[in-house]
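# Secondary and tertiary structure notes
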Amino acid sequence: MDESLPWHEPLWRQLQQRRAAGRLPHALLLAGPAGLGKLIFARRLAEALLCESPSVEGDACGQCRGCRLFRAGSHPDYSVVQPEEDQNSSEDDSPAGGAGGGKKKKSKVIKIDQIRELCAFLGHTTQYGGYKIALLEPADQLNVNAANSLLKTLEEPPGACVLLLVAARPARLPATVRSRCQLIRFDRPPITLALPWLAARVGGGLVEPATLLDVAGGSPLAALRYADGDRWRRRRELAEGYDQILMGRLDPIQAAEQWTQGDLAENLCWLIGWHTDLIRLKMNPAPHCLSHPDLRPLLRRWATQPTPRVLFERLDAAVRLHTLCTAAQANAPLLLEAFLSEAAGGDESGVPRTPV
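Residues numbered from 1 in each chain as written. Predicted model: local features only at pLDDT ≥ 70, side-chain atom pairs only at ≥ 80, totals over all residues. Heavy atoms only, no water.

## Notes on the overall build of the protein
- The secondary structure content of the protein amounts to 15 helices and seven strands.
- Out of the 356 residues in the protein, the part that is buried amounts to 46%.
- Considering only intrachain contacts with a sequence separation of at least 6, the fraction spanning at least 24 residues in the protein is 69%.
- Counting only carbon and sulfur atoms, one obtains 51% of the accessible surface of the protein, whose full area is about 17,500 Å². (Helix = DSSP H or I, 4+ residues; strand = E, 2+ residues; numbered from the N terminus. Buried < 20%, exposed > 50% of the residue type's maximum accessible area, 1.4 Å probe, protein only. Contact = heavy atoms within 4.5 Å. Areas by Shrake-Rupley, 256 points an atom, 1.4 Å probe, with all protein chains shown as cover.)

And the structure:
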């Protein structure tokens, strides 16, 4: 079973009280920033609901038939829906091209056929007489048709089923879907809880746990991922490369390729964080906190010339870039080239623009 996380316990107790009172909702929307363990919580809850002998605290026993099947990934009353591999993609889909080899690519969306299969699964009688559990993650990647197909099941859930929708960006879900789910809101834990948890896992590393937590925006699991040396080096290389772009020493088109390496969404979140810090520095030369305190020398230099208005517009452009580059059919390299080129030269205001 995934590790239970200390900041989950208040939410866990609330749900267990509702379950004990027979008021467990048929659909839960687990929403909140990335890096808080929403998927861990959802799996913990799913296993507990399928367990034949849960503990007093409501956790799965780990020993019964239901728990063994769950952990083996073969429980007949449990279904997981995630963006699937695209069966129709090939090496021709990659920028380098190549002979068609049937190479699969990860889809960015949950499709209507997956939801139709899920609804059929939920409509069947449970094999072991308990709950039927469906986990959708990330639920905010349901495409429009898939979301509409899910509505009838949310309105008229068949039998004893529970749907767990996990989303870091719940606003992307249609209001009709959100309104039919009970919201379970995950907030970033207080530093007094998050920092000791993180320090126990990265103590003695190259980066201070407090710095990791700052860069992760207070999300402990994201901070733990940043302790990975490769990730941290990539972030530093991107920052230094962006510095070279702003100084006119690096070709933006060449640099765009570097930004597509690794986790593109994560890279662009860092870019947004840097621009947020630039605004903080512009408004207050000695801010009490920065999201990227280890990059303070670079950030101070970047904040010297632009006006506050320009910095706000650059932040807006970085947010648009993230939104566009994580869309289903985005041409990320082209969008990055446009953003970085405008950052290097810009128009009269120096504002980088991203094409739609």
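## Some remarks on the state of the cysteines
- Considering all chains together, one arrives at zero disulfides under this definition.
- The structure places no disulfide on Cys67, whose sulfur is separated from the nearest cysteine sulfur, that of Cys64, by 3.6 Å. (Disulfide = S-S within 2.5 Å.)

## Quick notes on the nonpolar core
- Of all hydrophobic cores here, the largest spans 74 residues; its most connected members are Leu164, Tyr242, Trp259, Leu271 and Trp274.
- Residue contacts for Leu271: discarding those within four places in its chain leaves Tyr242, Trp259, Ala318, Leu321 and Phe339.
- Membership of the second largest hydrophobic core comes to 25 residues, among which are Leu136, Leu142, Ala167 and Val177. (Core = buried A, V, L, I, M, F, W, Y, C linked by side-chain atoms within 4.5 Å.)

## With respect to the pattern of salt bridges
- Under the defined criterion, the tally for this structure stands at 17 salt bridges.
- Between Glu52 and Arg65 there is a salt bridge, with the nearest N and O atoms lying 3.1 Å from each other. Here the residue Glu52 occupies a position in the loop between helix H2 (38-50) and helix H3 (65-72), and Arg65 occupies one in helix H3, the gap between them amounting to 13 residues.
- Assessed through its relative accessible area of 42%, Glu52 is described here as partly exposed.
- Among the salt bridges present, the one from Arg235 reaches Asp294, with a minimum N-O distance of 2.7 Å. Taken together, the residues span a long stretch of sequence, with Arg235 in helix H10 (residues 229-246) and Asp294 in the loop between helix H12 (264-283) and helix H13 (296-302) at a distance of 59 residues. (Salt bridge = Lys/Arg side-chain N within 4 Å of Asp/Glu carboxyl O.)

## A short note on the sheet that holds strand E5 (residues 132-136)
- With parallel pairing, five strands are arranged side by side in an open sheet as E2-E5-E6-E1-E7. Each edge of the sheet is formed by a strand with only one pairing partner; in this case those strands are strand E2 (78-81) and strand E7 (182-185). Neighbour-to-neighbour, the strand axes of the sheet open up by a mean angle of 20°, direction not taken into account.
- Bridge analysis of strand E1 (residues 27-31) against strand E6 (residues 161-167) gives five bridges, and the strand direction is parallel. Of the residues in E6, the one forming a bridge with Ala31 is Ala167.
- Most of the contacts of H2 go to E6, to which it runs at about 170°, and overall it touches E1, E2, E5 and E6. (Pairing = 2+ DSSP bridges. Axes fitted to C-alpha atoms, helices over the stretch in contact; angles between N-to-C directions.)

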